[in-house]
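Close look at the chain arrangement
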Amino acid sequence: MPYDFGKRFVASSARRQPGRVLPVLLDRLGADEAEEDAVQRLERRIAELLGKPAATMFPSGTMAQQVAMRIHADRRGVRTVAFHPQCHLEVHERKGYAVVHGLVGRLVGDPFGLIQLSDLAEVREPVAALLLELPQREIGGRLPSWDELVAQTRWARERGAATHMDGARLWEAQPFYGRSHAEIADLFDTVYVSLYKGLMGISGAVLAGDQELVEHAGVWRDRLGGSVERHWPMALTAERGLDELLPRMAEFAERARKLAATLAQQPGMHVVPDPPQTPMFHLHLEAPPTAVREAVRQLRDESELVPPSWVQSMPSPHLSGFEINVSDQFDGVTDAEIGDLFAGLLNRARAAA
Ligand SMILES: Cc1ncc(COP(=O)(O)O)c(C=O)c1O
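Starting afresh in each chain, residues are numbered from 1 along the sequence in its written order. Predicted model: local features are reported for residues with pLDDT of at least 70 only, side-chain atom pairs are reported and counted for 80 or more only, and whole-chain, interface and lining totals are derived from all residues. Side-chain figures throughout are based on the complete set of non-hydrogen atoms in the structure, without hydrogens or water.

**Here we look at the site of the ligand**
Around the ligand, the structure places 13 residues, and the nearest of them are G61, T62, R137, D166 and Y196. Here a polar contact means two N or O atoms within 3.5 Å. Within protein one must be a hydrogen donor candidate and the other an acceptor candidate, and residues neighboring in sequence count only if both atoms are side-chain atoms. The contact in question runs from an oxygen atom of the ligand to an N or O atom on the side chain of Y192, over 3.2 Å. In this structure, Y196 approaches the ligand through a side-chain N or O atom, which is 2.6 Å from an oxygen atom. For the area figures, the Shrake-Rupley method with a 1.4 Å probe applies, and any residue is considered shielded solely by the protein chains shown. With the chains in place, 90% of the 390 Å² that the ligand exposes on its own is no longer accessible. Note on terminology: near, applied to a residue and a molecule or strand, indicates that one of the residue's heavy atoms is within 4 Å of it.

**A closer look at empty space enclosed by the protein**
Each cavity reported here is a set of points on a 1 Å grid over the protein atoms alone in which a 1.4 Å probe fits but cannot get out, each pocket an open set with protein on both sides within 12 Å along at least five of seven lines, and each lining residue one with an atom within 4 Å of a point. Grid points are joined across faces, edges and corners, and a volume is the space filled by probe spheres set on the points. Scanning the model with the defined rule gives 2 cavities of 30 Å³ or more in all. Considering only enclosed or pocket space, the largest cavity measures out at about 80 Å³ in volume. Together, 13 residues line the largest cavity, and E172, G198, N325, V326 and S327 are the ones closest to its centre. Taken together, the residues of the lining of the largest cavity sort by class into 6 nonpolar, 4 polar and 3 charged. Approximately 60 Å³ is the volume attributed to the second largest cavity. L114, I115, L132, E133, L134, Q136, P144 and Q152 together form the lining of the second largest cavity. Charged residues are taken to be Asp, Glu, Lys and Arg, nonpolar residues to be Ala, Val, Leu, Ile, Met, Phe, Trp, Tyr, Cys and Pro, and polar residues to be all remaining types, Gly included. Considering only residue class, the lining of the second largest cavity consists of 5 nonpolar, 2 polar and 1 charged.

**Points about the packing of helix α2 (residues 38-50) against helix α11 (residues 232-245)**
Packed helix pairs are specified by the crossing angle of their axes together with the interaxial distance, meaning the distance between the axes. Orientation of α2 relative to α11, taken along the N-to-C sense of each, is 40 degrees, at an axis distance of 8 Å. On the basis of their axis angle, the class for α2 and α11 is oblique. Here the hand of the crossing between α2 and α11 comes out left-handed. Taking contact as the criterion, the partners of A38, V39, R41, L42, R45, I46 and L49 in α2 are, on α11, W232, A235, L236, A238, E239, L242 and D243. Residues of the contact of α2 with α11, tallied by class, amount to 10 nonpolar, no polar and 4 charged. Axis definition: a line fit to C-alpha positions, over the contact stretch in the case of helices; interaxial angles, taken between N-to-C directions, run 0 to 180 degrees. Numbering of helices and strands runs from the N terminus; a helix is a DSSP stretch of H or I covering at least four residues, while a strand is a stretch of E covering at least two. If an angle is under 35 degrees, it is roughly parallel; if it is over 145, roughly antiparallel; if it lies from 65 to 115, roughly perpendicular; otherwise it is oblique. Handedness of each helix crossing follows the sense of rotation of the near helix against the far helix: counterclockwise by less than a right angle gives left-handed, clockwise gives right-handed. In this analysis, two residues are considered to be in contact whenever any of their non-hydrogen atoms come within 4.5 Å of each other.

**With respect to the packing of aromatic side chains**
The criterion for an aromatic pair is that two Phe, Tyr or Trp rings (for Trp, the six-membered ring) have centres within 6.5 Å, with stacked assigned to planes under 30 degrees apart, edge-to-face to planes over 60 apart and tilted to the rest. Scanning all chains against the criterion turns up 4 aromatic pairs. Arranged with centres 5.8 Å apart and planes meeting at 65 degrees, the rings of W146 and Y177 form a pair that is edge-to-face. Note that W146 is positioned in helix α7 (residues 146-158) and Y177 in helix α8 (residues 170-177), a separation of 31 residues in sequence. Y177 gets classed as buried once you look at its relative accessible area, which sits at 9%. Cluster of aromatic residues (ring-pair linked, three or more members): W146, F176 and Y177. The ring centre of F58 lies 5.6 Å from the NZ or CZ of R221, which sits over that ring. Only lysine NZ and arginine CZ atoms are considered, and such an atom sits over a ring when it is within 6 Å of the ring centre and within 35 degrees of the ring normal. Between the NZ or CZ atom of R223 and the centre of the ring of W220, over which it lies, the distance is 4.5 Å. Think of it in three bands: residues with accessible area under 20% of the maximum for their type are buried, residues over 50% are exposed, and the middle band is partly exposed, with areas taken using a 1.4 Å probe on protein chains only.

**Considerations on the pattern of salt bridges**
Any carboxyl oxygen of Asp or Glu that lies within 4 Å of a side-chain nitrogen of Lys or Arg is treated as forming a salt bridge with it. Evaluation of the coordinates by the stated rule reveals 25 salt bridges. Of the charged contacts, one joins K95 and E90 as a salt bridge, the two residues approaching to 3.4 Å between their closest N and O atoms. In this structure K95 comes out as partly exposed when scored by relative accessible area, which is 34%. Salt bridges here are not isolated pairs; linked through shared partners, they connect R28, R41, R45, E239, R240, D243, E244 and D328.

**Topic: the sheet that holds strand β3 (residues 80-83)**
One open sheet holds the 7 strands; their spatial order is β2-β8-β7-β6-β5-β3-β4, and the pairing between them is mixed. Strands at the two margins of the open sheet, each flanked by one partner only, are β2 (54-58) and β4 (104-107). Strand after strand, the sheet turns through a mean of 20 degrees between neighbouring axes, direction not considered. Should DSSP find at least two bridges between two strands, the strands are regarded as paired. As defined by bridge partners, β3 adjoins β4 across 4 bridges and the pair is classed as parallel.

**A word on the pairing of strand β9 (residues 269-272)**
Here β9 shows one buried face, formed by M269 and V271, and one open face, formed by H270 and V272. Of the strand pairs in this sheet, β9 and strand β10 (residues 280-285) are connected by 4 bridges, and their pairing is antiparallel. Bridge pairing in β10 places V271 opposite L283.

**Observations concerning a nonpolar patch on the surface**
By definition, no residue in a patch forms a salt bridge, and every one has over 30% relative accessible area; like charges are joined within 9 Å, nonpolar side chains (Val, Leu, Ile, Met, Phe, Trp, Tyr) within 5 Å. A contiguous nonpolar patch, built from L26, L29 and W232 and spanning about 310 Å² of accessible area, is present on the exposed surface. Tracing the backbone through its elements, the reader meets L29 in helix α1 (residues 18-32). What makes L29 partly exposed here is its relative accessible area of 32%.

**Here's the deal with the sheet that holds strand β13 (residues 320-325)**
As summarised here, the arrangement of the 4 strands in space is β9-β10-β13-β12, forming an open sheet in which the pairing is antiparallel. Looking at which strands have only one partner, the edges of the open sheet turn out to be β9 and β12 (312-313). Across 6 bridges, the pairing between β10 and β13 is antiparallel. Opposite M280, over in β13, you have N325 as the bridge partner.

**Some details on the environment of I115**
With respect to the helices, strands and loops of the structure, I115 is situated in the loop between β4 and α6 (117-120). Take I115: its relative accessible area is 5%, and that puts it in the buried class. For the pair I115 and F83, spaced 32 residues apart in sequence, the C-alpha separation works out to 8.5 Å. If sequence neighbours within four positions are ignored, I115 has contacts with F83, H84, V108, L120, L132, E148 and Q152.

What follows is the structure, encoded as structure tokens:
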């Protein structure tokens, strides 16, 4: 394959790996010509999977969720939306919800734990929507129990607030609950899912909900310059994910638990959560992030097995964090090889620190 770099990745998505994405496109293009538009087909398929009347594609989850929050707020005439202090809207979107949409974020719960029903009880002001991120990425991809999820969404609905799921990794979370995607989505008025994380597509998102809301969301998307008319490549790679990766999510979660157990045995390594609840978990190394980043940079050049490039700082300067997402990228790699990769990385970082 012309774009195959001959490397094996322990990375979180296929976004920067044309060697993995282009063959998928070439495979699927020929068959597609006579069929329905790939974007519409994908929207219909995801609406059905989630059991929602309608769904529409967005160029990004960032845009989709801000628009969903805005519409929930406009519908209720309330500007406040409630979410976790480390949710994507709060930490990665340059406060777009406030700056672009005039919303007020009511942060709920401990930044390093999951939202609890008791945290919601402390919210005394009216809120337009409660956003729950499943799984909560920044704390290792943790999930509330089903009963807690039911109780929290009921809390919101009883107050007339909308429930919105940040389901960037709903595909990965579903096996934990042992319930269908639609059953989980039923607790939420609107659901956003990602087309490139667990599905390993190029980019993109889908927002699902009632017909009127989804049509309204399409208007906001176009106003913001997010038309998806030409997004068929993203739709095609996402469909490949639905066909080939979605059925494997329980297997990936099981593999994540095995891999995490191997890593947790090594000195200087910790996994969060232990055991993982989804194919995603965090790996904490006892070494400072600057030294780990330099070791990663060197290894990405030298080694055939490529470590994730994103090294997170932690509240302690003596620790650094990686996000591990088990997918088909791990098929050709053993847990022992990944263990050796991180052990080598840790040794190198410690020697340099
Ligand atoms: C939990 C979560 N929500 C939302 C997003 C936003 O997705 P996008 O990159 O498509 O804007 C991300 C992206 O990393 C995410 O991890």
